[in-house]
Every structure is written in structure tokens, then in C-alpha cells.
Amino acid sequence: AYLPTVRAVRARELSAEGRRLRNVVVGGSREGRTWRANVDADEMGDYIEYRQPQATGAGRVYARLARLAIADADASQVEALLDQQPGSIPALDIVVEAFELKGRPLGRLEIDAVNRGAGAVMREGGIREWRLNRLSLLTPDANFSASGNWAALQPAGGARPVAERRRTAMRFRLDISDAGQLLGRLGMRDVVRRGRGTMEGHVAWVGSPLALDYPSMAGTFSVNLEAGQFLKADPGLAKLIGVLSLQSLPRRLALDFRDVFSEGFAFDFVRGDISIEQGIAASNNLQMKGVN
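The present account deals with the structure reproduced in this document.

### Side note on the pairing of strand β13 (residues 265-277)
By the bridge criterion, 11 bridges tie strand β12 (residues 218-230) to β13 in an arrangement that is antiparallel. Considered in β13, the bridge of V223 is made with G272. Two strands pair when backbone bridges link them, and β13 and strand β15 (residues 287-289) are joined in this way by 3 bridges, in the antiparallel orientation. Paired with V270 across the bridge in β15 is M288. One ladder, built from 3 bridges, connects β13 with strand β14 (residues 280-282); its direction is antiparallel. Within β14, the residue paired with E277 across the bridge is I280.

And the structure:
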């Protein structure tokens with residue numbers, strides 16, 4: 001009863017729950033257990049709603065944002081915040097029209113995630129599960145969609161789950177309309193030109209959804225790209241691309257054709273299946289076909 005029902009905040013900088021906002025203007029209200037606010041800051045802006053839990057749990061966050069930017073330093077704080085029990089993370093229903101992570105614009109973001117109820121807790125030996133029903137990123141270059149969960153690691157032999165070791169498992173699909181533009185958006189420019197296709201599979205690791213742990217990572221995925229070109233690259237900086245561009249081969253067994261690969265290796269398709277064990281990716285059926 002002593003909590004405020006109306007609030008207004010103006011601050012040059014505001015820190016809360018591992019997030020730092022700058023040049024903040026907030027106007028909001030409370031009705032029972034539901035908090036509503038319109039927020040404008042350098043890092044985000046629009047409508048947020050938080051519903052407190054009835055008893056235990058972390059409640060639910062509902063947000064419709066025009067923009068959300070998470071800087072490099074803030075991303076580390078969010079990762080540290082997630083290094084907790086899954087039950088301490090609220091359910092999420094979030095849509096961001098312009099999402100930026102560590103300075104990289106990643107397009108439209110949608111997240112739908114929930115904490116499983118008491119029945120699931122009892123079935124899993126008292127360990128909660130944070131379930132990601134939908135994660136979607138839509139850019140002009142690609143559409144990424146995924147679902148999965150974050151729960152206690154299940155030991156062998158059906159023993160009780162270990163609360164201190166939690167595992168993220170995710171099934172994903174990436175529909176690519178321009179591979180070159182997508183890699184440029186992720187900070188890897190001038191590696192590939194054009195290219196369209198799909199990547200699809202599943203992957204899991206020990207740790208939170210934001211803390212990729214390569215030594216424990218396992219999974220499989222398939223790749224199928226068409227109509228692209230590996231650009232000329234310095235093998236010292238990109239040995240894989242150096243091999244795929246065929247720059248390191250002898251001059252076509254002394255027949256030269258030096259102009260053929262002067263701008264890189266154009267391909268009709270690149271496809272295959274990749275398996276991941278302890279963070280190492282391997283393939284035994286990767287195929288590449290080009291006019292050359």
C-alpha cells in the first residue's frame with residue numbers, strides 16, 4: 001500500500017538490474033501489481049509494462065520498443081545478471097523495431113519466453129526451466145528464428161538435476177537473402193558477395209543463453225547457400241577463405257587462367273552438414289560447385 005501509484009523521472013544517467021540508461025525521461029503509473037511506463041532514453045524508447053508475480057517467481061515484462069541498444073559494456077553486465085537460476089529471470093514478451101547489440105544493428109527483435117509452472121518444477125526435481133518459445137531477428141539481409149530452453153543439466157543415469165550447472169539448448173533457422181550484406185552487418189566485411197540460402201539445426205552449451213561456452217558446445221546444423229562469391233582475401237587473415245578462393249593452388253597446373261579468380265571464387269552452391277563436439281565444428285560432406 002505504501003508503493004507509489006504515479007511517478008516521473010528525469011535523469012542524466014540511470015542504472016538498474018545491470019542496465020545503464022542515459023538522458024532518461026520516464027512517466028508511469030501502478031495499478032495493483034502492474035507497473036506501466038513510457039520511457040525515452042539514448043538506448044531505448046517506448047512502452048514497458050511489468051507485472052509482479054502473485055507469490056514467488058520473477059513476474060513478467062511486456063515491452064513494445066521503437067529502439068533498444070545494448071553496448072559492449074552493458075552486454076557483459078546483462079550476461080552476469082543472467083548467471084543466476086532460470087527462475088529469477090522474468091517471463092518476456094518483447095518486440096523491438098530497431099535492435100542494436102554491441103554497435104551492430106540487428107533489425108527487428110521479438111522475444112517470447114516463460115518460466116514453467118509448479119507442475120514442471122515437481123517433475124524435474126524442483127529445478128525451474130526458462131523456456132524460449134520464440135526468438136526472431138528480422139533484417140533486410142536475413143531472418144533468424146529460434147526456440148529452446150534454459151534448465152538444469154541432466155546427469156547421466158537419471159540422477160537429480162544439478163542446480164549449479166544449467167544448460168541452454170536451442171533449435172534455429174537462418175533464412176539468408178544476402179550473405180555478404182549479413183556478414184558485413186556482423187562485422188565481417190568483404191568476405192562474401194551476394195549468396196542466398198539457409199542454415200538450420202540445433203545447438204546446446206552449459207551456461208546462460210547469452211554466455212556462449214565453446215568447450216561444452218555440441219549440436220548439428222546444415223548449410224545451403226547459392227549464387228554467391230568468395231572474395232579475394234589475405235590467407236593470413238582468413239585462411240579458410242584463402243583456401244576456398246583457390247588462391248593458394250598452383251596456377252591451374254601452369255595453365256594460368258589468372259583472370260578467372262582475380263576477384264574471388266564464384267559458386268553455384270555451397271552445402272553440407274556440420275557437427276559440433278566440444279566447440280569444434282567438422283563436416284565430411286561439404287560440397288561446393290562453381291563454373292570454374
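Moving on from the model shown.
### Section: the packing of aromatic side chains
Counted according to the given criterion, the structure contains 5 aromatic pairs. Arranged with centres 5.1 Å apart and planes meeting at 45°, the rings of F230 and F267 form a pair that is tilted. In this pair, F230 is assigned in strand β12 and F267 in strand β13, connecting sequence segments 37 residues apart. Judged on exposure class, the residue F230 and its partner F267 are both buried. Aromatic rings pair up to connect F144, F172 and F221 into one cluster.

### Quick word on the pattern of salt bridges
Going through the model one piece at a time under the given rule, you end up with 14 salt bridges. Here R67 ties to D40 by a salt bridge, and the two come within 3.1 Å at their closest N and O atoms. On the criterion of sequence distance, the pair formed by R67 in strand β5 (residues 60-70) and D40 in strand β3 (residues 34-40) is long-range, its members being 27 residues apart. Relative accessible area serves as the criterion here: at 30%, R67 is assigned to the partly exposed category. The class of D40 is partly exposed, set by a relative accessible area of 40%. The shortest N-O distance in the salt bridge between R51 and E49 comes to 2.7 Å. Exposure remark for R51: the relative accessible area of 37% places this residue in the partly exposed category. By relative accessible area, E49 is classed as buried at 5%. In the salt-bridge network here, residues are joined through shared partners; they are E31, R36, E49 and R51.

### Observations concerning the side chain of E110
Mapped onto the elements of the fold, E110 is located in strand β7 (residues 104-115). Of note is the side chain of E110, whose polar atom sits 3.1 Å from the side chain of R134.

### Topic: the side chain of T139
Following the sequence through the fold, T139 ends up in the loop between β8 (129-138) and β9 (142-153). Taking the relative accessible area as the measure of exposure, T139 reaches 12% and is therefore buried. Among the polar contacts listed, one links the side chain of T139 to the backbone nitrogen of D141, at a separation of 3.1 Å. For T139, the residues in contact, after removing those within four places along its chain, are L106, G107 and R185.

### Regarding the nonpolar core
In this structure, L68, L92, V96, F99, L109 and I111 are the most contacted members of the largest nonpolar core, which totals 47 residues. Non-local contacts of L109, meaning those with residues more than four positions away in its chain, are made with I94, V95, V96, F99, L135, S136 and L137.

### Examining unusual backbone geometry
One non-glycine residue, N23, lies in positive phi territory at about 55°. When you line up the elements, N23 lands in strand β2 (residues 19-31). What makes N23 partly exposed here is its relative accessible area of 42%. At K102, a residue that is not glycine, the phi angle is positive and equals roughly 55°. Within the fold, K102 resides in the loop between β6 (91-101) and β7.

What counts and what doesn't
Residues numbered from 1 in each chain as written. Predicted model: local features only at pLDDT ≥ 70, side-chain atom pairs only at ≥ 80, totals over all residues. Heavy atoms only, no water. Pairing = 2+ DSSP bridges. Helix = DSSP H or I, 4+ residues; strand = E, 2+ residues; numbered from the N terminus. Phe/Tyr/Trp six-rings, centres within 6.5 Å; stacked < 30°, edge-to-face > 60°. Buried < 20%, exposed > 50% of the residue type's maximum accessible area, 1.4 Å probe, protein only. Salt bridge = Lys/Arg side-chain N within 4 Å of Asp/Glu carboxyl O. Polar contact = N/O pair within 3.5 Å; in protein donor to acceptor, adjacent residues only side chain to side chain. Contact = heavy atoms within 4.5 Å. Core = buried A, V, L, I, M, F, W, Y, C linked by side-chain atoms within 4.5 Å.

These values are about where atoms sit, not about what they do.
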